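# Survey of secondary and tertiary structure
Take a look at the letters that make up each chain.
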Amino acid sequence: MDKNLQEEFTQITKFKPPLYKQRYQFVKDLVEKYKPKKVADLGCADCSLLRMLKFCSCIEVLAGLDICANVMKEKMYTLSPLPVDYLQPSERSLTITLHHGSVAHKDPCMLGFDLVTCIELIEHLEEPELKKFPEVVFGFMAPSIVVISTPNSEFNPLLPGVMLYRHPDHKFEWNQAQFQSWALETARCYDYSVEFTGVGHPPTGMEKAGFCTQIGVFIRKYPQTGESLQSEKPTEAVYKTVFKAVYPSLKDEKYLQNAVISEVIFTAQIIKHRLMSKHKEYGNDPERKPKFQPSMDSFSDCLGKLVVEKNMEPFVSGNEVYIPLATIFSFPKVNRLCGTFEKLCKLIAGKVTLSSDGSAVLFNIEHED
């Protein structure tokens, strides 16, 4: 490597986006490709990666593990559901859990994950921990995919201020050959394949230095058998759970019922408003009695086009307005939420004012202007 070129580059080495964001984006792209439902981040630290991944719609279980409980506790509140999550529950379920413990120990709470990430973790491990790490992650946890990133020591001369290691807590930093040798041997032992890549491209003319962060993506070759799932799986927990959040979901009957009731009332109010506008327009002339003829210009686009049969037409009788449930069920969002007409009737029973035969939502307009 040309010494003058190296010295010049060390003065301008800046990554856009920052290197940590590139690592997280790499994981996010992998999630979007493979659609894992259960993801664990080992060495989750301040939970930054978990905060990004909680928005991935395919993920239903997120877990974080770190040896330092205080670092997790400082930011774990950012993983809690927000008020909007309760007002508009997602169609998927999502549970986020944080554990305090070492990656050198086995705990049954880490079984059954599709993807395990170890982002800038292994270089923090003491030699005894590093020796146990492959058996814990690849042998015991045995996820379908493992992502491991670690600093590439060959890039260090290009980084300003780096004398030996990039962080005072690093126990080692491998060059490309060392990391690949370890990764290939680990993959061979536990029946995984591994592909090498990275983030943080080297400058032109210094390609041999490799990526600033080197990454190994391990894919398990064979699905786990029932026998392998049962072998050497401890039943006693060794990690301490420090945080757990269960997000509101439409898969929960309670939240689904609230969503359906809200949508039924909203839809009925729109139909009623349209009907009353026509009723006032035509007055009491029986020959000009208004019919409910919904069209896209009279309803919000999001409600879609409604085809109404004769027995589904809303009507006014004295001081009461009747909006048939069959009409409401025809609206796309209500239909999608309930699935069946019977489910709709069950969810709103006793929660919405209905006609005596239970076939329509009933509004009393006696005191309305």
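The structure under discussion appears in the preceding block.
The structure reproduced in this document is the subject of the present report. Model, not experiment: these values are computed from the prediction. (Residues numbered from 1 in each chain as written. Predicted model: local features only at pLDDT ≥ 70, side-chain atom pairs only at ≥ 80, totals over all residues. Heavy atoms only, no water.)

Counting across every chain of the model gives 9 salt bridges. For the salt bridge of Lys251 with Glu60, the shortest nitrogen-to-oxygen distance reads 3.5 Å. With Lys251 in the loop between β8 (240-246) and α9 (253-282) and Glu60 in the loop between α3 (48-53) and β2 (61-66), this pair connects stretches of sequence that are 191 residues apart. Take Lys251: its relative accessible area is 56%, and that puts it in the exposed class. A relative accessible area of 21% places Glu60 in the partly exposed class. Here Glu253 ties to Lys343 by a salt bridge, and the two come within 3.4 Å at their closest N and O atoms. Separated by 90 residues along the polypeptide, Glu253 in helix α9 and Lys343 in helix α12 (residues 341-348) bring together distant segments of the chain. (Salt bridge = Lys/Arg side-chain N within 4 Å of Asp/Glu carboxyl O. Helix = DSSP H or I, 4+ residues; strand = E, 2+ residues; numbered from the N terminus. Buried < 20%, exposed > 50% of the residue type's maximum accessible area, 1.4 Å probe, protein only.)

This part is about helix α7 (residues 176-189). Between its first and last C-alpha atoms α7 spans 20 Å; for 14 residues at 1.5 Å apiece the expected length is 20 Å, and the two agree. Three or more residues of α7 are buried, namely Phe179, Trp182, Ala183, Thr186 and Ala187. Buried residues along α7 cover an arc of 130 degrees about the axis, so they all sit on one side. For α7, exposure combined with an orientation more than 90 degrees from the buried face picks out Ala177 and Arg188. In this structure Asn175 caps α7, since a side-chain oxygen of it lies 3.1 Å from the backbone nitrogen of Ala177. At the C-terminal side of α7, Asp191 shows a positive phi close to 60 degrees. (Expected span 1.5 Å × (residues − 1). Arc of directions from axis to C-beta. Polar contact = N/O pair within 3.5 Å; in protein donor to acceptor, adjacent residues only side chain to side chain.)

Per the stated rule, a full pass over the model turns up 14 aromatic pairs. Plain terms: the ring middles of Tyr86 and Tyr255 are 6.3 Å apart, the flat faces sit at 50 degrees to each other, and that makes the pair tilted. In this pair, Tyr86 is assigned in helix α5 (residues 83-87) and Tyr255 in helix α9, connecting sequence segments 169 residues apart. Every member of this aromatic cluster is reached through a ring pair, and the members are Phe133, Phe172, Trp174, Phe179, Trp182 and Phe196. Directly above the ring of Phe113 sits Lys38, whose terminal nitrogen or CZ lies 5.0 Å from the centroid. (Phe/Tyr/Trp six-rings, centres within 6.5 Å; stacked < 30°, edge-to-face > 60°. Lys NZ or Arg CZ within 6 Å of the ring centre and 35° of its normal.)

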